[in-house]
Structure formats: structure tokens, C-alpha cells
There are 2 protein chains.
Amino acid sequence: MAKTKKKKESEWATATNERLSEAGFRRGGARAAVVSLLDEQSCALSAYEIEDLLAQRERAVGRASIYRILEELDELGVVAKVELGQGQARYEPVRPDHHHHHLVCDKCGAVIAFDDAPLERAVHSISKRVDFAVEGHEIVLHGLCADCR
Amino acid sequence: MAKTKKKKESEWATATNERLSEAGFRRGGARAAVVSLLDEQSCALSAYEIEDLLAQRERAVGRASIYRILEELDELGVVAKVELGQGQARYEPVRPDHHHHHLVCDKCGAVIAFDDAPLERAVHSISKRVDFAVEGHEIVLHGLCADCR
DNA sequence: CTAGCGATGAGACTGATTCTCAGGCTAGTT
DNA sequence: AACTAGCCTGAGAATCAGTCTCATCGCTAG
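Since the model is a prediction, treat every value here as computed from it, not as a measurement. (Residues numbered from 1 in each chain as written. Chains lettered and ligands numbered in written order. Predicted model: local features only at pLDDT ≥ 70, side-chain atom pairs only at ≥ 80, totals over all residues. Heavy atoms only, no water.)

Novice: Help me understand the pattern of salt bridges, please; the structure alone is not making it clear to me.
Specialist: It is possible for side chains of opposite charge to pair when their charged atoms get near one another. Residue and element names in this part refer to chain A. Within the structure shown, the criterion is met by 12 salt bridges over all chains. In this structure, Arg31 and Glu72 form a salt bridge, with 3.2 Å as the shortest nitrogen-oxygen distance. Of the two residues, Arg31 is situated in helix H2 (residues 29-39) and Glu72 in helix H4 (residues 63-76); the sequence distance between them amounts to 41 residues. A relative accessible area of 16% places Glu72 in the buried class. (Salt bridge = Lys/Arg side-chain N within 4 Å of Asp/Glu carboxyl O. Helix = DSSP H or I, 4+ residues; strand = E, 2+ residues; numbered from the N terminus. Buried < 20%, exposed > 50% of the residue type's maximum accessible area, 1.4 Å probe, protein only.)

Shown next, in the form of C-alpha cells:
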């Protein structure tokens, strides 16, 4: 329906493309389409949602490519893979200024983002105290959303 | 090899069996074996680990039954299903006095439990502030364990 | 313009989890 | 104790997310 084309790419897409070429990747249509789609997202999408959304646009991308690209982006640290207990992984762009976590509704599956500074501080505090090189964390709250309650 | 039989069941197994009968479940050998095995665990096991451990004992339980039983126990709130980003779910008994979270080594897959009071306080504080009926939470720290570093 | 090599995607494959359904067993009833 | 309704089980099929293979495509350096 609506054509979301040419929406100026944000800092994230720019930084991501830079990272990609630094890492020695060539350009390619499939990867560009995935990066562009993720760039518009504020929260996490599953691989299948990404496949569907891209198919609805003018650029369908093979499943193998989607997974390969998401893994590369995850490895570069520009995308976060999050598991919300729904039997499938979700992926979201990592924006330095927008770190957040998720509330998941156990009934309807809705995913809601939230952030909290004290929580982050508590996590970082732990990271320093354990005999473990912490590289990332994931916090998921389960329950019922306002609609399902 | 060693027969770990007749080890007195803990409060968890007792409470779990009570919950089950309250909820209208009949007794059954498969469920009893799963509850008994979980009762001995302090940390999370995957469904396959449970299947193997039960098979090594005198009581093998069908895979379908294991998943069905774990889901029932999860629903009753006596077992927690945790997803540690390893492509499979893990299950652990919920003990009121032993709430904990997990460190996962991205290289070797080791799972280490930890607990932290300030972190719990931060989570509970959030639970009260959001328009969402929070029923549980899961916190996973990723990184490299002492051995893999 | 062209060769070399990375990028892509159709489809087979894997592994975890769920579904189906026939037969077994529990728990009331007599 | 015997009987029976209906929950409990488990073997195997089905499903589903995710991975792998490999032939082909299309950047890009030269």
C-alpha cells in the first residue's frame, strides 16, 4: 500500500553500512534491503516478519540470505538478537542512544519496549563482580498486557 | 549406575504435587518421574537432557509426555521455562527462596546461575510502574566464561 | 569490458517442539 | 474387588524455525 521509499536513512543505517564495508563486505541488494528495513524499526522483528515485509515491498529476499545477513549484523554488533520465549528469535537495530528491553504478553504475544536506568546500573554492577566477561544482556518481563488483562 | 532412589523429596516436590492435584490432575508415572528429577536440580535442564536422564534411570518417559508435563508445570508456575539463546528451552524448578538468573557463555554454552538483590529490586520497581501485569522476568547475561576467555 | 570472487536464494536438511490417537491406568462407583 | 469413564502416556507423524548446499548472479578491481 504505502510506499515507504527514499525515507532518508538514519544514523544507524549509515553507521551499519560503514561497518560492513570496513569489515570487507561487498554491497548487495539483499543486504541493502534488510538494512533499510531494520533502519525503520524501533523494536524487534522476527526473521519471518522481515521476510514478509520485504516480500510486500518490491524486494523479496531469500530466507537463507535473511538469516545470513542478520547473523553478520549481529556479529558486527549493529543488530541485537533477542529471544523472548516465543520459540523464535527477533532482531533489532542497536542504537547507542536507545538501549531498551522488552515486556512480552503471554496471551497475545505483544512485545513492548521499555528502558530503565537503575536496571542498567544494576546489570553493569554485576558484570564487574562476576568471573565472566559479560558482553551483553537481555531482560524480558513476562505477563499480561493492558488489553489482555 | 548409582541408584538415586528414595531421596526424600524436598518442599518443592511436595508443593508441586499438591498444586497438581488441586488443579485436578490425576497421578501418573511419567509426571511423577519428571517432578522427581526436577526436584533434584538446582539449575535449568533442557527437554532432551531430561529425556536422557530419565532414560538412564529406571523410568524412561516419552518425549511428548515430557513436553506436555513441563508445559503444565510451567502453567502452574512451579517450573520456569527459560530461553538462553541456544535454540532450545530449558526448564527449572521455581523455589521461592532460590530465585536466580543466568550467565551464558557464547563459546562453550556453559550456563552459570547467579542472583543479585539490587537487580531484583530494580525489576520489581519497574513492574509497578508499567501498564502491564508483570508475572515473571528473565535476565540473561551473555559473554565468555572464565575458561573460554 | 571482463575475470574473479563474494553475494544470493531455492530447496533440501536438521533439530526442537507439537500434534494425533490408540491403548493404559487412576479414581470414583457399585 | 470389579467396573468404567475419561484422564494419562508415548510412538511416530507433522510442523516450524533455522541452517546448509551449491549453482548462479552481479559487484568491483584492474
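Picking up where we left off.
Novice: What should I look at first to understand the packing of H2 of chain A against H4 of chain A in this one?
Specialist: A pair of packed helices can be characterised by two numbers: the angle between their axes and the separation between those axes. All names here are of chain A. Viewed as axis vectors pointing N to C, H2 and H4 meet at an angle of 65°, and their least axial separation amounts to 10 Å. Viewed along their axes, H2 and H4 form a crossing whose handedness is right-handed. Contact residues: H2 offers Ala30, Arg31, Val34, Val35 and Leu38, while H4 offers Ser65, Ile69, Leu70, Glu72 and Leu73. Residue classes in the contact of H2 with H4 are distributed as 7 nonpolar, 1 polar and 2 charged. (Axes fitted to C-alpha atoms, helices over the stretch in contact; angles between N-to-C directions. Left-handed = near helix turned anticlockwise from the far one by under 90°. Contact = heavy atoms within 4.5 Å. Nonpolar A, V, L, I, M, F, W, Y, C, P; charged D, E, K, R; others polar.)

Novice: Which parts of the structure should I look at to understand the sheet that holds strand E6 (residues 132-145) of chain B?
Specialist: In a beta sheet, neighbouring strands pair by backbone hydrogen bonds and run either parallel or antiparallel. The 6 strands are arranged E5(A)-E4(A)-E6(A)-E6(B)-E4(B)-E5(B) in an open sheet whose pairing can be described as mixed. The outermost strands of the open sheet, each flanked by one partner alone, are strand E5 (111-114) of chain A together with strand E5 (111-114) of chain B. Here the average twist between neighbouring strands, direction ignored, is 30°. Sheet analysis places strand E4 (residues 101-105) of chain B next to E5 of chain B, joined by 4 bridges and oriented antiparallel. Counterpart to Val104 of chain B in the pairing with E5 of chain B is Val111 of chain B. (Pairing = 2+ DSSP bridges.)

Novice: Can you help me understand the relation of the copies chain B and chain A in this one?
Specialist: Copies of the same chain, two in number, are related to each other by a rotation about an axis and a translation along it. Here chain B sits on chain A after a turn of 178° about the axis and a move of 0.0 Å along it, with an RMSD of 0.4 Å. These values place the two chain copies in the arrangement generated by a two-fold rotation axis. For chain B, the residue whose C-alpha comes nearest the rotation axis is Ile139 of chain B, separated from it by 2.3 Å. (Least-squares fit on C-alpha atoms with pLDDT ≥ 70 in both.)

Novice: I would appreciate a short explanation of the nonpolar core in the present structure.
Specialist: Most often, soluble globular proteins have nonpolar side chains that are buried together. Leu119 and Leu141 of chain A together with Leu119 and Leu141 of chain B are the most contacted members of the largest nonpolar core, which has 25 residues in total. At the level of elements, strand E4 (101-105), helix H5 (117-129) and strand E6 (132-145) of chain A together with E4, helix H5 (117-129) and E6 of chain B are the ones that each hand at least two residues to this core. Considering each element in turn, this core owes the most residues, 5 residues, to E6 of chain A. Once residues lying within four places of it in the same chain are set aside, the contact partners of Leu119 of chain A are Phe114 and Ile139 of chain A together with Leu119, Ala122, Val123 and Ile126 of chain B. One finds Leu37, Leu70, Leu73 and Val79 of chain B within the second-largest nonpolar core, a separate group that totals 23 residues. (Core = buried A, V, L, I, M, F, W, Y, C linked by side-chain atoms within 4.5 Å.)

Novice: Which parts of the structure should I look at to understand the protein's contact with DNA strand C?
Specialist: With respect to spatial proximity, 23 residues lie near DNA strand C, and among them Arg59 of chain A together with Arg26, Tyr48, Tyr67 and Ala89 of chain B are the closest. For DNA strand C, the fraction of atoms within 4 Å of the protein that belong to sugar or phosphate moieties is 64%. At 3.5 Å, a backbone N or O of Gly29 of chain A approaches a phosphate oxygen of DNA strand C. In the model, a phosphate oxygen of DNA strand C is placed 2.4 Å from a nitrogen or oxygen of the Tyr67 of chain B side chain. Contributions of two or more residues to the surface near DNA strand C are made by H2 and H4 of chain A together with helix H3 (47-56) and helix H4 (63-76) of chain B. Residues of the surface near DNA strand C, tallied by class, amount to 10 nonpolar, 6 polar and 7 charged. (Near = heavy atom within 4 Å. Polar contact = N/O pair within 3.5 Å; in protein donor to acceptor, adjacent residues only side chain to side chain.)

Novice: Looking at this structure, how should I read the interface of chain B and chain A?
Specialist: Accessible area lost on assembly of the parts is the figure often given for the size of an interface. Chain B puts 34 residues into the contact, and the matching count from chain A is 35 residues. On inspection of chain B and its partner chain A, the count reaches 4 salt bridges. One salt bridge in this structure joins Asp116 of chain B and Arg129 of chain A, with 3.2 Å as the shortest N-O distance. Our enumeration of links across chain B and chain A arrives at 12 residue pairs in polar contact (both at pLDDT 80 or more). Of all the elements, E6 of chain B adds the most residues to the side of chain B that touches chain A, at 14 residues. Relative to E6 of chain B, E6 of chain A runs antiparallel, the two being bridged by 13 bridges.

Novice: Would you mind going over the confidence of the model for chain A with me for this structure?
Specialist: The predicted coordinates ought not to be read in detail in places where the model reports low pLDDT. Counting all residues, the mean pLDDT for chain A is 90, and 95% of those residues have values of 70 or more. When the criterion is pLDDT under 50, residues 1-6 of chain A qualifies, and its contacts beyond four places in sequence or with other chains add up to 3 contacts. (pLDDT = per-residue confidence, 0-100.)

Novice: Just to check I follow, could you spell out a negative patch on the surface for this structure?
Specialist: A cluster of acidic side chains, namely Asp106 of chain A together with Glu71, Asp74, Glu75 and Glu135 of chain B, defines a negative patch on the protein surface. It is H4 of chain B that contributes the most residues to the negative patch, 3 residues altogether. With respect to the helices and strands, the residue Glu71 of chain B is situated in helix H4. Overall, Glu71 of chain B belongs to the exposed group, its relative accessible area being 52%. (Patch = residues over 30% accessible without salt bridge, like charges linked within 9 Å, V, L, I, M, F, W, Y side chains within 5 Å. Areas by Shrake-Rupley, 256 points an atom, 1.4 Å probe, with all protein chains shown as cover. Lys, Arg positive; Asp, Glu negative; His and termini not counted. Charge placed at Lys NZ, Arg CZ, Asp CG, Glu CD.)

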